Amino acid sequence: MPLSDRENQILQDIEKQLSEQDPKLADRVGGHSLREESVQKVKQGIAIFVAGFGLLIAFFVTVQMVLGVLAFLVMVAGATHTFQNLKRLLADQKVQADSSEVSLLSRVEHRIRDMRRRDEAD
């Protein structure tokens, strides 16, 4: 349900006050969404994993044990970072889907109640 003109005005006033009182917080909050941040972190994790894979290839070329261990650790760190943020991203999408289902169910329930009231009035 869209906001009324009055509600939009109140929201804009609150945003303006926030940006005046704490500009750093306003930039952090208003700059990007949680979803965008999670997607960015997933990309970072993939980049870390690819860098570890590059180190693994360098290990096979040079056969230095330290490089092999480092490659393994970097790849594990990249995979862990990626999967944690993917999990967070998917959980956020599930919450949004659940809230839209609740919204749909409440609208259907409201319509059924309206139809019953009309039937009882007749």
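Heads up: the structure comes first, above all this text.
Residues numbered from 1 in each chain as written. Predicted model: local features only at pLDDT ≥ 70, side-chain atom pairs only at ≥ 80, totals over all residues. Heavy atoms only, no water.

Caption draft 1: View of the overall build of the protein chain. The number of helices and strands found in the protein chain is four helices and zero strands. Each helix and strand of the protein chain, placed in order from N terminus to C terminus, yields the pattern α-α-α-α. Expressed as a percentage of its 122 residues, the buried residues of the protein chain come to 11%. Accessible surface for the protein chain amounts to roughly 10200 Å². Of this, 62% is attributable to carbon and sulfur atoms. (Helix = DSSP H or I, 4+ residues; strand = E, 2+ residues; numbered from the N terminus. Buried < 20%, exposed > 50% of the residue type's maximum accessible area, 1.4 Å probe, protein only. Areas by Shrake-Rupley, 256 points an atom, 1.4 Å probe, with all protein chains shown as cover.)

Caption draft 2: Here's a closer look at the pattern of salt bridges. Scanning all chains against the criterion turns up one salt bridge. Its salt-bridge partner being K41, residue E37 comes within 3.5 Å of it at the nearest N-O pair. Placement of both E37 and K41 in helix α3 (residues 34-62) is noted, with a separation of four residues, approximately one turn of the helix. Classification of E37 by relative accessible area gives partly exposed; the value is 31%. (Salt bridge = Lys/Arg side-chain N within 4 Å of Asp/Glu carboxyl O.)

Caption draft 3: Inspection of unusual backbone geometry at higher detail. The phi torsion at V63 lies on the positive side, around 55°, for a residue other than glycine. Note that V63 resides in the loop between α3 and α4 (65-121). With a relative accessible area of 62%, V63 lands in the exposed category.

Caption draft 4: Spotlight on the side chain of T82. On the secondary structure map, T82 appears in helix α4. Taking the relative accessible area as the measure of exposure, T82 reaches 10% and is therefore buried. Side-chain polar atoms of T82 contact the backbone oxygen of G45, separated by 3.4 Å. With sequence-adjacent residues up to four places away left out, T82 is seen in contact with V42, G45 and I46. (Polar contact = N/O pair within 3.5 Å; in protein donor to acceptor, adjacent residues only side chain to side chain. Contact = heavy atoms within 4.5 Å.)

Caption draft 5: Expanded view of the side chain of N85. Positionally, N85 belongs in helix α4. One polar contact links the side chain of N85 to the main-chain carbonyl oxygen of H81, over a distance of 2.8 Å. Here the side chain of N85 touches R88 through a polar contact of 3.1 Å, side chain to side chain. The residues touching N85, leaving out its near neighbours within four places in the chain, are S38, K41 and V42.

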